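Results of the structural survey
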Amino acid sequence: MSSTTKASRIGEELWKTRVDKVNAELVTLTYGTIVAQLCQDYDGNYQEVNKQLEKMGYNIGMRLIEDFLAKSNIGRCANFRETADMISKVGFRIFLNIAPTVTNWTSDNNQFSLVFDENPLADFVELPDDGRAQDELWFSNILCGVLRGALEMVQMQIEAHFVSDVLRGDDATEMRVSLVRYIEDEMPPEEE
Amino acid sequence: MTVFSLIIINKAGGLIYQREFQPGLRKLSTNDYLVLAGTFHGVHAITRTITPKLPLLTPTATASTPTSASSNLASPSGTSTPIPPTTTTTTTTTTTTTTTTTSVAATTYTYPIPGVPATGLESLETDKFRLTCFQTLTGTKFLLFTDPHMANIEVVMKKIYEFYADFVMKNPFYQLEMPVRCEAFDRNLNGWLRGRT
Amino acid sequence: MAQPPPRHATMLSLSNSNSNSNSHSNLSSTTTISTPQTQTHLPTPSQSSTGLRVPSNRKTIYDRHLNRSRNAELSRASFAFLFGEMVTYAQRRVTGIQDLERRLNEQGYPLGLRLLDLLFYRTVTGSSSSSALSSSSSTSASPPNRPLRILPLLHLIHGPLWRLLFTRPADALEHSVSPDTPNEYMITDNDPLVNTYISVPKEMSMLNCAAFVAGIIEGVCDGCGFEAKVTAHNQPTEMWPSRTIFLLRFGESVMEREKVLERAGVK
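Definitions and limits used
Residues numbered from 1 in each chain as written. Chains lettered and ligands numbered in written order. Predicted model: local features only at pLDDT ≥ 70, side-chain atom pairs only at ≥ 80, totals over all residues. Heavy atoms only, no water. Helix = DSSP H or I, 4+ residues; strand = E, 2+ residues; numbered from the N terminus. Expected span 1.5 Å × (residues − 1). Buried < 20%, exposed > 50% of the residue type's maximum accessible area, 1.4 Å probe, protein only. Arc of directions from axis to C-beta. Contact = heavy atoms within 4.5 Å. Buried area = accessible area lost by both parts, 1.4 Å probe. Salt bridge = Lys/Arg side-chain N within 4 Å of Asp/Glu carboxyl O. Pairing = 2+ DSSP bridges. Axes fitted to C-alpha atoms, helices over the stretch in contact; angles between N-to-C directions. Polar contact = N/O pair within 3.5 Å; in protein donor to acceptor, adjacent residues only side chain to side chain. Core = buried A, V, L, I, M, F, W, Y, C linked by side-chain atoms within 4.5 Å. Phe/Tyr/Trp six-rings, centres within 6.5 Å; stacked < 30°, edge-to-face > 60°. pLDDT = per-residue confidence, 0-100. Bend = angle between axes of the 7 residues up to and from the residue.

Before going further, it helps to spend a moment on helix α8 (residues 252–264) of chain C. All names here are of chain C. Under the 1.5 Å per step criterion, the end-to-end length of α8 is 19 Å for 13 residues, consistent within 8% with the ideal 18 Å. For α8, the complete set of buried residues consists of Val254, Met255, Glu258 and Leu261. Taken around the axis of α8, the buried residues stretch over an arc of 120°, which confines them to a single face. With respect to the buried face of α8, the exposed residues turned more than 90 degrees away are Lys259, Arg263 and Ala264. Here the buried face of α8 lies against α6 (150–166) and β5 (244–250). Remark: Gly265 follows α8 within two positions and exhibits a positive phi of approximately 80°.

Okay, structure coming up:
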């Protein structure tokens with residue numbers, strides 16, 4: 001618990017003192033226009049849109065991790081539980097000014113959920129009323145990719161996916177994150 | 001308070017950035033810089049692997065053998081970084097394996113090591129200059145050449161890392177692991193270093 | 001010269017995936033173009049216009065105040081990463097610099113339409129927000145109406161829009177001095193926020209990613225009924241290396257209307 005509190009303090013402090021800010025609506029609307037563009041480019045094939053969003057996030061994550069490290073000055077985490085706290089309390093704080101709840105750990109400490117009370121990316125958003133989007137589109141799927149890309153750069157292979165989203169009519173927005181393995185000195189999986 | 005020059009080395013040991021900050025500084029040839037980057041990368045890897053280890057479960061932990069170490073030196077792209085993106089690293093991968101197996105053989109992967117991991121070569125000093133190396137958790141290395149008496153190098157290093165995160169990582173036209181050609185990075189770095197002196 | 005129809009005709013809400021469908025599509029074909037998948041995939045029988053499921057705690061956009069995020073801030077880095085990825089993604093699908101700029105423009109366009117509504121909504125409802133608008137264009141203290149003439153529109157863009165987006169007004173507003181191009185206006189930003197971290201490679205030196213912002217401006221103009229083409233151009237100076245001029249070219253119909261309104265004494 002103390003590591004959680006410590007992470008929260010670090011995150012708050014960084015947000016207040018080290019993070020350059022912009023109008024939140026500029027970010028929200030820009031993300032919205034990206035998703036809308038993908039929906040158009042992939043002709044309403046939401047599975048493909050999810051995939052593309054994840055890929056974009058992955059590309060972002062591989063870059064964003066350097067910003068995270070440069071700003072936070074944080075060293076390597078001792079275990080995956082600490083990593084989860086860092087993601088939630090520091091990472092999400094400095095990039096989206098939120099701190100999703102870390103919960104639902106599996107007994108082997110390799111899987112947890114992030115539950116989002118707030119999601120700035122989805123402010124102003126209502127999914128298309130086409131009878132499919134609410135079943136197929138994960139609007140914030142870019143976040144899964146960001147986590148995957150960022151953690152891969154610090155030698156953790158993870159898998160992340162949303163299991164519920166208030167935009168779909170669920171009561172909570174929840175992402176499931178699983179540690180696949182720590183990457184040792186070896187070839188990474190082929191990725192784009 | 002003199003900063004002579006900066007080198008950035010990617011995960012695979014490739015030189016991706018090199019700039020002098022003192023006008024008229026004698027330049028090495030591009031090839032020399034490439035060799036320097038590769039060599040440093042290799043030596044860095046070796047210093048990491050020869051970090052004395054206390055036996056954990058097996059009492060066989062020893063330093064790396066001289067033969068594998070020299071093969072490491074010979075390879076400019078040698079690496080012990082966690083994610084070598086190319087396959088040219090066979091020689092050093094072997095090196096790393098030989099050293100790690102001594103302790104790993106009986107146990108399984110324990111990386112990242114809980115506590116403080118081995119860092120590798122952090123600074124190198126002569127009468128005339130000091131080379132300070134900062135390796136990020138992602139495996140990128142920043143090598144700063146300064147006056148040997150310069151204080152607060154960490155501050156400079158940290159700022160450089162921030163500039164890198166801003167003007168290299170956030171530039172959509174920069175491709176990861178490739179040479180850094182970002183005018184805004186040069187401009188901001190230069191301006192900041194000039195403002196310090 | 002035939003003017004293409006205003007693009008906002010094809011605009012739908014943000015929630016609609018096709019909201020920024022092809023800007024140059026013909027008005028008559030709007031419905032089919034803007035909602036292809038709705039046409040094709042609407043088989044679920046019980047779907048009415050209120051077919052969306054909502055959370056039991058009713059966390060929907062209708063239950064939250066539109067001004068909730070007005071003063072909210074997010075990290076500039078997040079914007080930079082998203083915008084950068086937008087550029088990268090667009091780059092993979094275009095044939096050249098002009099094409100890339102066109103695409104970025106199209107991505108900004110829907111933002112302009114939405115921000116316009118947001119601006120008016122806020123200036124009409126919130127009295128505290130009037131400070132955001134008062135200093136620039138309107139001489140009166142009353143809430144600004146939709147601009148009827150070009151100049152108030154430009155002030156709206158230069159002041160309130162810029163402040164909403166970038167927390168400061170633009171740096172200059174000029175009218176073309178050439179008698180051949182009375183329909184051209186220029187808005188200058190010495191250091192566009194969208195370009196802060198971007199270094200354009202030498203071989204693409206003509207490119208200005210602020211084409212995205214040009215698209216936002218175009219959306220605002222169209223949304224106000226001023227059909228215009230807006231482009232972003234590099235005009236670096238020693239002090240401002242990423243100084244950008246946004247060139248607004250209003251359509252003929254707009255210019256003709258200006259003359260009529262001028263004669264009628266409308267400000």
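Past the structure itself, the notes keep going.
Once that is clear, we can look at the interface of chain A and chain C. The partner chain C presents 62 residues to the 60 residues of chain A that form the contact. Both sides together, the interface formed by chain A and chain C hides about 5,500 Å², and carbon and sulfur atoms give 57% of it. Inspection of the region where chain A meets chain C yields four salt bridges. The partner of Arg122 of chain C in a salt bridge is Glu25 of chain A, with the nearest N and O atoms 2.5 Å apart. With 16 residues, the single largest contributor to the side of chain A that touches chain C is helix α2 (residues 24–41) of chain A.

Residues and elements named next belong to chain A. Judged by pairing direction, the sheet is antiparallel, and its four strands sit side by side in the order β2-β3-β5-β4 without closing on themselves. Of all the strands in the sheet, the pair left with one neighbour each is β2 (101–103) and β4 (156–164). Taken over all neighbouring pairs, the strand axes of this sheet differ in orientation by 25° on average, direction set aside. Pairing of strand β3 (residues 111–116) with strand β5 (residues 173–182) involves six bridges; the strand directions are antiparallel. The residue of β5 that forms the bridge with Ser113 is Arg176. Contacting β2, β3, β4 and β5, helix α4 (residues 80–96) crosses the sheet at an angle of about 20° to β3.

Another aspect to go through is the sheet that holds strand β2 (residues 172–175) of chain C. Residues and elements named next belong to chain C. Taken in spatial order, the four strands make up an open sheet running β2-β3-β5-β4, and their pairing is antiparallel. Of all the strands in the sheet, the pair left with one neighbour each is β2 and β4 (228–234). Pairs of neighbouring strands in the sheet enclose a mean axial angle of 20°, with direction left out of account. Pairing of strand β3 (residues 184–189) with β5 involves six bridges; the strand directions are antiparallel. Across the sheet, Glu184 pairs through a bridge with Arg249, a residue of β5. Of the strands in this sheet, β4 and β5 are in contact with helix α7 (residues 211–223), which crosses β4 at around 155°.

Under the defined criterion, the tally for this structure stands at 29 salt bridges over all chains. A salt bridge links Glu54 of chain A to Arg148 of chain A; its shortest N-O distance comes to 2.8 Å. Placement of the pair is Glu54 of chain A in helix α3 (residues 46–72) and Arg148 of chain A in helix α6 (residues 142–153), with a sequence separation of 94 residues. Classification of Glu54 of chain A by relative accessible area gives buried; the value is 16%. The partner of Asp135 of chain A in a salt bridge is Arg53 of chain C, with the nearest N and O atoms 3.1 Å apart. Placement of Asp135 of chain A in helix α5 (residues 133–136) and of Arg53 of chain C in the loop between α2 (36–40) and β1 (73–75) is noted, with the two residues assigned to different chains.

On to the interface of chain C and chain B. At the junction of the two partners, chain C supplies 17 residues and chain B supplies twelve residues. A combined buried area of about 1,100 Å² lies between chain C and chain B, and 69% of that area is made up of carbon and sulfur atoms. For chain C, the biggest contributors to the area lost against chain B are Phe81, Tyr197 and Ser199 of chain C; these three give 50% of the whole. The interface formed by chain C and chain B contains three residue pairs in polar contact (both at pLDDT 80 or more).

One broad trend across soluble globular proteins is that nonpolar side chains are buried collectively. Counting residues in each nonpolar core, the largest one holds 155 residues, and the members touching the most others are Leu114 and Met175 of chain A, Phe185 of chain B together with Ile157, Phe246, Leu248 and Phe250 of chain C. In terms of residue count, the dominant contributor to this core is α3 of chain A (twelve residues). Among all residues touching Met175 of chain A, those that are not within four sequence positions of it are Phe112, Ser113, Leu114, Phe116, Leu143, Cys144, Leu147, Ala160, His161 and Phe162 of chain A.

Let us look at the side chain of Asn171 of chain B. With respect to the element layout, Asn171 of chain B can be found in the loop between α4 (153–168) and α5 (183–196). A polar side-chain atom of Asn171 of chain B sits 3.2 Å from the main-chain carbonyl oxygen of Ser199 of chain C. Ignoring sequence-local partners within four residues, the contact set of Asn171 of chain B consists of Arg63 of chain A, Asp166 and Cys182 of chain B together with Tyr197, Ile198 and Ser199 of chain C.

Under the counting rule described, the total for this entry stands at 24 aromatic pairs over all chains. Judged by centre distance (6.2 Å) and plane angle (20°), the rings of Trp138 of chain A and Phe162 of chain A are stacked. Within this pair, whereas Trp138 of chain A is found in the loop between α5 and α6, its partner Phe162 of chain A is found in strand β4, the two being separated by 24 residues in sequence. For Phe162 of chain A, a relative accessible area of 5% gives the class buried. Here the aromatic rings of Phe226 of chain C and Phe250 of chain C are separated by 6.2 Å at their centres, their planes lie at 70°, and the arrangement is edge-to-face. With Phe226 of chain C in the loop between α7 and β4 and Phe250 of chain C in strand β5, this pair connects stretches of sequence that are 24 residues apart. Assigned by exposure class, Phe226 of chain C and Phe250 of chain C land together as buried. In this structure an aromatic cluster arises from ring pairing among Phe92, Phe116, Trp138 and Phe162 of chain A.

Residue and element names in this part refer to chain B. Looking at chain B, the pLDDT average stands at 75 and 66% of residues meet or exceed 70. Here residues 58–114 scores under 50 on pLDDT; set against residues more than four positions off or in separate chains, the count is 98 contacts. Scored by ipTM, the complex comes to 0.94, with pTM at 0.81.

Residue and element names in this part refer to chain C. Within β5, six of the seven residues are buried, which leaves the element mostly enclosed by the surrounding structure. Pairing of β4 with β5, which is carried by seven bridges, proceeds in the antiparallel orientation. The partner of Thr231 across the bridge, within β5, is Leu247.

Residues and elements named next belong to chain C. With 17 residues, α6 ought to run about 24 Å at 1.5 Å a step, and its terminal C-alpha atoms sit 22 Å apart, in line with that. Approximately 30° is the largest bend angle found in α6, and it occurs at Ile157, with the proline Pro160 only one to four residues beyond. The buried fraction of α6 is high, at 13 of 17 residues. Just downstream of α6, Thr167 is the residue with a positive phi angle, here 55°.

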